[in-house]
Amino acid sequence: FENRIIIPSFSSEGELNYFVARRYNNNWKKYMNPPVTRDIVFNELMVDWDSDIVVVEGVFDAVVAGANTIPLLGSQLREDSKLFQGIVTNNSKVFLALDTDVEKKSAKMIKKLLTYGAKVAKIEVGPYSDVGEMSKDEFAQRKLAALPLSTSFGDYFSYLRGHTIKI
């Protein structure tokens with residue numbers, strides 16, 4: 001793990017359950033992560049399920065987004081995942097801020113969350129490719145301006161009309 005930034009994750013009980021190891025130089029392999037399941041709530045020890053939750057793709061996006069941000073460690077949110085179940089069980093409001101190259105996946109996540117009655121808002125990331133490229137102030141402004149989507153699906157379909165996404 002030489003020449004890597006290590007960002008640990010802790011379970012709700014305070015146990016180390018994962019870590020991300022990212023290079024900061026030109027080594028051939030960008031990430032070296034442990035060979036364990038990624039079906040965790042990253043840093044669940046620090047999550048306040050009663051407050052708004054921001055969902056991003058990676059840990060460096062989470063650093064910019066700030067407190068109560070959970071990285072997916074990828075670009076998918078499965079219904080049987082611990083994160084999805086945590087959101088639905090706790091009725092948490094979710095701000096989704098995924099990279100611009102996964103708009104189709106983003107739309108599917110929104111649809112899935114709305115189907116379960118979740119409160120969802122979409123944070124526009126473009127013209128940046130991901131949250132990690134923004135300043136903390138820029139992200140905070142975008143969160144305030146986030147498009148809320150309702151469980152009536154009306155807002156969701158309005159959102160889709162503004163984007164060229166096929167589901």
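Just so it is clear, the model here is predicted, and its values are computed rather than measured. (Residues numbered from 1 in each chain as written. Predicted model: local features only at pLDDT ≥ 70, side-chain atom pairs only at ≥ 80, totals over all residues. Heavy atoms only, no water.)

## Looking at the pairing of strand β2 (residues 16–23)
Relative to β2, strand β1 (residues 4–10) runs antiparallel, the two sharing 7 bridges. Each bridged residue has a counterpart across the sheet, and for Ile5 the counterpart in β2 is Arg22. (Pairing = 2+ DSSP bridges. Helix = DSSP H or I, 4+ residues; strand = E, 2+ residues; numbered from the N terminus.)

## Observations concerning the layout of surface pockets
Put simply, the largest pocket is a space of about 340 Å³. Lining the largest pocket are 17 residues, with Tyr31, Glu57, Gly58, Val59 and Asp61 sitting closest to its centre. The set of elements that each furnish at least two residues to the lining of the largest pocket consists of β2 and α1 (59–65). Each residue belonging to the lining of the largest pocket can be placed in one class, and the counts come to 6 nonpolar, 4 polar and 7 charged. (1 Å grid on protein atoms, 1.4 Å probe; cavity = no way out; pocket = protein on both sides within 12 Å on 5 of 7 lines; lining within 4 Å. Points joined across faces, edges and corners; volume = space filled by probe spheres on them. Nonpolar A, V, L, I, M, F, W, Y, C, P; charged D, E, K, R; others polar.)

## Observations concerning unusual backbone geometry
In this chain, Gly126 is followed by Pro127 through a cis amide linkage whose omega measures 10 degrees. Topologically, Pro127 is positioned in the loop between β6 (119–122) and α4 (136–144). For Asn43, which is not glycine, the phi dihedral falls at a positive 55 degrees. Positive phi is not limited to glycine here, since Leu73 has a value of about 60 degrees. Examined against the element boundaries, Leu73 turns out to sit in the loop between β4 (69–71) and α2 (82–90).

## A few points about helix α3 (residues 103–115)
Between the first and last C-alpha of α3 there are 18 Å, a value that for 13 residues agrees with the 18 Å anticipated at 1.5 Å per step. Along α3, the positions that sit buried rather than exposed are Glu103, Ser106, Ala107, Met109, Ile110, Leu113 and Leu114. One face of α3 carries all of its buried residues, which in axial projection span an arc of 160 degrees. Directly after α3, the chain includes Gly117, whose backbone phi takes a positive value near 80 degrees. (Expected span 1.5 Å × (residues − 1). Buried < 20%, exposed > 50% of the residue type's maximum accessible area, 1.4 Å probe, protein only. Arc of directions from axis to C-beta.)

## Observations concerning the environment of Asn33
In this structure, Asn33 sits in the loop between β2 and β3 (53–56). The spacing of Asn33 and Val20 is 13 residues in sequence and 5.3 Å in space, taken between C-alpha atoms. At 3.0 Å, the side chain of Asn33 and the backbone nitrogen of Ala21 are in polar contact. (Polar contact = N/O pair within 3.5 Å; in protein donor to acceptor, adjacent residues only side chain to side chain.)

## Here we look at the packing of aromatic side chains
For the coordinates displayed, the defined rule picks out 2 aromatic pairs. Plain terms: the ring middles of Phe1 and Phe19 are 5.5 Å apart, the flat faces sit at 80 degrees to each other, and that makes the pair edge-to-face. Residue Phe1 is located in the segment before β1, and its partner Phe19 is located in strand β2; the two are separated by 18 residues in the primary sequence. Exposure remark for Phe19: the relative accessible area of 18% places this residue in the buried category. For the ring pair Phe84 and Tyr116, a centre distance of 5.0 Å and an interplane angle of 85 degrees mean the geometry is edge-to-face. (Phe/Tyr/Trp six-rings, centres within 6.5 Å; stacked < 30°, edge-to-face > 60°.)

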